[in-house]
Amino acid sequence: MHAPPTDLTAPPIVLTRRRVNLIFSALLAGMLMAALDQTIVSTAMPTIVGDLGGVSHMAWMTTAYLLATTLVMPIYGKFGDLWGRRNLFLLAIGLFTLASLGAALSPDFTWLVIWRGVQGLGGGGLMILSQAIIADIVPARERAKYMGPIGALFGLSAVAGPLVGGFFTDSAALGWQWCFWVNVPVGLTAFTIGWFTLTLPRRRSTTPLDYAGIVALSATTTSLVLFTDFGGSDGWGAGRTLAMLALFVVSAIAFVVIERRAVEPIIPMSLFGNRTFVVATALGLAVGLGMFSAIAFMPTFLQMSSGLSAANSGLLMLPMTAGIILTIQGSAGFIQRTGRYKIFTVAGVAVILAALIWMTTLSGGTSLWTVGAMFFVLGAGLGLIMQNVVLAAQNAVGADQIGTATSTNNYFREVGATLGVAIFGTLFTSRLADNLVSALTANARQAVQAGITSPETLVPSAVKAAGDPLRTAIIDAYANSLAPVFWYLVPILAVALVLALFLKEIPLSEHAGMVARGEAVESEEDLARFMTTSDPTATVPVVVRDDDAREPSVNA
């Protein structure tokens with residue numbers, strides 16, 4: 001494996017602590033924007049879909065974003081390896097900001113879903129490029145300690161997002177549109193910070209781009225998601241469901257054939273000859289499927305069942321954030337001292353599995369304290385595994401494939417998330433539609449008096465205002481639709497637990513990716529030695545990782 005050509009006229013970058021912190025601040029600004037958006041929109045979703053008449057299609061609010069994110073992840077990863085990551089990161093911020101403007105101006109539910117998809121095109125870049133840039137500037141052995149600030153950032157978004165989203169949603173003067181308007185100044189600020197602080201090398205590459213692979217991968221991902229969506233809504237034997245299945249099979253085969261012949265494939269097939277990478281990626285897929293499915297629809301259930309405002313129901317997600325931060329912080333120091341990370345991966349899957357089994361007991365009468373405890377346990381499991389899976393995948397490949405490995409690992413995790421939300425959402429909404437019709441029919445006179453004429457336009461405020469027995473019937477409809485679906489996730493997490501036991505623990509690299517590729521040095525002394533060398537063809541030390549043993553060696 002060889003690193004992509006760099007701009008050889010520029011001296012190596014010195015990765016001083018100050019420079020690393022400045023770059024990291026730019027990454028945090030971009031991630032904060034994406035994290036805030038997710039918590040704000042999740043909190044406001046019941047009101048948004050009710051106002052726009054899209055209750056039965058609620059899953060597409062999340063599916064559109066996740067599908068778009070999944071489609072572009074491998075593209076950002078490969079292009080970052082070829083050309084550098086700075087301009088791509090700024091492009092991702094710009095796309096996300098522009099799409100937020102479009103979402104705020106959406107005249108109907110269809111346009112809102114479209115703009116959510118465009119948001120995903122930017123969000124996918126923010127996620128992948130942030131992780132790859134951290135791997136570029138921080139050695140694997142030290143990378144865990146940077147997860148603490150990231151966990152705190154998501155904690156901040158978990159607090160601020162529901163408050164902001166709830167304030168906008170509950171405000172008669174503003175409305176849910178401001179859940180998207182707020183991203184515009186945040187995006188402009190993140191872009192400005194990134195423009196001035198994100199100093200990374202640019203690369204030159206004349207390698208032909210894998211356009212055919214991009215098209216085939218997009219067709220494979222889209223057809224797979226539509227297959228699950230149509231299967232849940234139309235039936236697994238319906239015509240368009242089978243058509244999507246056929247398209248998935250054909251496009252998947254075509255993609256593998258194309259990638260095996262491509263000069264610079266979007267997803268190199270050689271990655272799948274690396275056992276550690278394969279296990280880490282399969283773990284990410286399984287956990288992503290369970291995690292996003294469990295999280296996506298819980299705010300809706302809580303608003304309908306508890307009668308809380310959008311802001312307060314979103315704040316019930318705080319225990320999950322506390323669990324994530326606690327376990328990330330608790331494991332980071334241990335990983336840095338010992339280099340051991342497998343034990344946390346195994347424990348994380350086991351804890352998530354226990355949380356999902358517990359969540360199958362949800363009912364309309366479940367106390368908020370119990371729901372908070374469920375979220376705390378789920379968050380504790382996520383904090384133990386998610387970053388360690390990415391760390392294992394990055395550490396298992398050469399420094400010149402950090403972006404591709406990061407994006408491929410995240411791609412399969414997002415495939416799992418997209419499939420999970422599509423299947424879980426279809427099962428939930430189809431059950432919900434039937435149960436709500438039954439609830440409204442059984443209490444028809446009271447429903448008319450309460451102004452509830454259709455399940456499609458049901459909003460939390462109407463449920464809160466409705467008296468019994470209608471209110472209880474609606475709450476039971478939501479509980480009886482959501483809780484049983486968690487059982488479908490339990491076997492998947494059981495398989496993930498077995499996979500975690502087979503994860504090979506490779507010694508963590510002591511060198512940052514840019515240092516390993518010869519694009520940076522670790523001190524001014526190293527730079528001085530490089531600049532004064534008598535050999536004009538000399539380069540900074542480059543760390544090369546053997547493809548089979550994956551043990552680091554240093555070549556001058």
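Residues numbered from 1 in each chain as written. Predicted model: local features only at pLDDT ≥ 70, side-chain atom pairs only at ≥ 80, totals over all residues. Heavy atoms only, no water.

1. Some remarks on the overall build of the protein
Looking only at helices and strands, one finds 23 helices and four strands in the protein. Across the 556 residues in the protein, those meeting the buried criterion constitute 56%. Counted over contacts in the protein with a minimum sequence separation of 6, partners at least 24 positions apart contribute 83%. Summed over all atoms, the accessible surface of the protein reaches about 21,500 Å², with 66% contributed by carbon and sulfur. (Helix = DSSP H or I, 4+ residues; strand = E, 2+ residues; numbered from the N terminus. Buried < 20%, exposed > 50% of the residue type's maximum accessible area, 1.4 Å probe, protein only. Contact = heavy atoms within 4.5 Å. Areas by Shrake-Rupley, 256 points an atom, 1.4 Å probe, with all protein chains shown as cover.)

2. What to know about a nonpolar patch on the surface
Judged by side-chain polarity, Leu242, Leu245, Val249, Ile253 and Val257 come together as a nonpolar surface patch covering roughly 390 Å² of accessible area. Locating Ile253 in the fold gives a position in helix H10 (residues 239-261). (Patch = residues over 30% accessible without salt bridge, like charges linked within 9 Å, V, L, I, M, F, W, Y side chains within 5 Å. Salt bridge = Lys/Arg side-chain N within 4 Å of Asp/Glu carboxyl O.)

3. Considerations on the environment of Thr199
For Thr199, the position within the fold is in the loop between helix H8 (183-197) and helix H9 (211-234). Taking C-alpha positions, Thr199 is 9.9 Å from Ala26, a pair spaced 173 residues apart along the chain. When sequence neighbours within four positions are dropped, the list of residues in contact with Thr199 reads Ile13, Arg19 and Ile23.

4. Details of the pattern of salt bridges
Evaluated as defined, the whole model comprises four salt bridges. Here Arg85 makes a salt bridge to Asp81, at a shortest N to O gap of 3.2 Å. Of the residues examined, Asp81 reaches a relative accessible area of 4% and is grouped as buried. A salt bridge links Asp136 to Arg85, with the nearest nitrogen and oxygen atoms 2.7 Å apart.

5. Observations regarding the environment of Asp81
Its place among the elements puts Asp81 in helix H2 (residues 59-83). With 51 residues separating them along the chain, Asp81 and Ala132 place their C-alpha atoms 9.3 Å apart.

6. Comments concerning the packing of helix H15 (residues 342-359) against helix H16 (residues 368-395)
Where H15 contacts H16, the axes come no closer than 8 Å and their chain directions differ by 150°. Comparing their axes, H16 and H15 come out roughly antiparallel. Where H15 crosses over H16, the two elements pack in a sense that is left-handed. Per-class residue counts for the contact of H15 with H16 are 18 nonpolar, five polar and no charged. (Axes fitted to C-alpha atoms, helices over the stretch in contact; angles between N-to-C directions. Parallel < 35°, antiparallel > 145°, perpendicular 65-115°, else oblique. Left-handed = near helix turned anticlockwise from the far one by under 90°. Nonpolar A, V, L, I, M, F, W, Y, C, P; charged D, E, K, R; others polar.)

7. So, the packing of aromatic side chains
In the structure shown here, the tally under the stated rule is seven aromatic pairs. Both rings, one in Phe191 and one in Trp195, keep their centres 6.2 Å apart while their planes meet at 20°; by these two values the pair is stacked. On the criterion of helical spacing, the pair formed by Phe191 and Trp195 is a turn pair, its members being four residues apart in helix H8. A relative accessible area of 30% means that Phe191 is categorised as partly exposed. Note on Phe272 and Phe277: the rings are 6.3 Å apart at their centroids and 75° apart in plane angle, and the pair reads as edge-to-face. Here Phe277 falls in the buried class, since its relative accessible area comes to 0%. Seen from the ring of Trp195, Arg86 lies directly overhead, with NZ or CZ sitting 4.9 Å from the centre. (Phe/Tyr/Trp six-rings, centres within 6.5 Å; stacked < 30°, edge-to-face > 60°. Lys NZ or Arg CZ within 6 Å of the ring centre and 35° of its normal.)

8. Things to note about H15
With 18 residues, H15 extends 26 Å between its outermost C-alpha atoms, agreeing within 8% with the 26 Å of an ideal straight helix rising 1.5 Å per residue. Residues Phe344, Thr345, Val346, Gly348, Val349, Ile352, Leu353, Ala355, Leu356 and Met359 constitute the buried set of H15. (Expected span 1.5 Å × (residues − 1).)

9. Some thoughts on the nonpolar core
In terms of nonpolar packing, the biggest core is built from 125 residues, with Met298, Leu362, Leu482 and Phe486 touching the most fellow members. The dominant element in this core, judged by the number of residues it contributes, is H16, at twelve residues. With sequence-adjacent residues up to four places away left out, Leu482 is seen in contact with Phe297, Met298, Phe301, Leu362, Phe424 and Phe428. Residues Met45, Ile48, Leu112 and Phe180 belong to the second largest nonpolar core, which totals 18 residues. (Core = buried A, V, L, I, M, F, W, Y, C linked by side-chain atoms within 4.5 Å.)

10. A few points about the packing of helix H3 (residues 86-104) against H8
It is at 9 Å that the axes of H3 and H8 come closest, and there the two elements cross at 170°. Between H3 and H8, the crossing angle belongs to the class labelled roughly antiparallel. Across the interface between the two elements, Arg86, Leu90, Ile93, Phe96, Thr97, Ser100 and Leu101 of H3 pack against Asn183, Val184, Gly187, Leu188, Ala190, Phe191, Gly194 and Trp195 of H8. Taken together, the residues of the contact of H3 with H8 break down into nine nonpolar, five polar and one charged.

11. A few points about the side chain of Ser106
Inspection of the secondary structure puts Ser106 in the loop between H3 and helix H4 (109-137). One polar contact links the side chain of Ser106 to the main-chain carbonyl oxygen of Ala103, over a distance of 3.1 Å. Other than its neighbours up to four places away in sequence, Ser106 contacts Trp111, Leu112 and Trp115. (Polar contact = N/O pair within 3.5 Å; in protein donor to acceptor, adjacent residues only side chain to side chain.)

12. Description of the environment of Leu242
Topologically, Leu242 is positioned in helix H10. Residue classification places Leu242 among the partly exposed positions, given a relative accessible area of 44%. Along the backbone, Leu242 and Phe230 are twelve residues apart, and their C-alpha atoms lie at a distance of 9.0 Å. When sequence neighbours within four positions are dropped, the list of residues in contact with Leu242 reads Trp236 and Gly237.

13. Comments concerning the side chain of Thr281
Among the structural elements, Thr281 can be located in helix H11 (residues 275-296). Residue Thr281 is classed as buried on the basis of its relative accessible area, which comes to 5%. Aside from chain neighbours lying at most four places away, what touches Thr281 is Thr408, Asn409 and Phe412.

Everything listed here is a matter of coordinates, which is why it stays silent on function.
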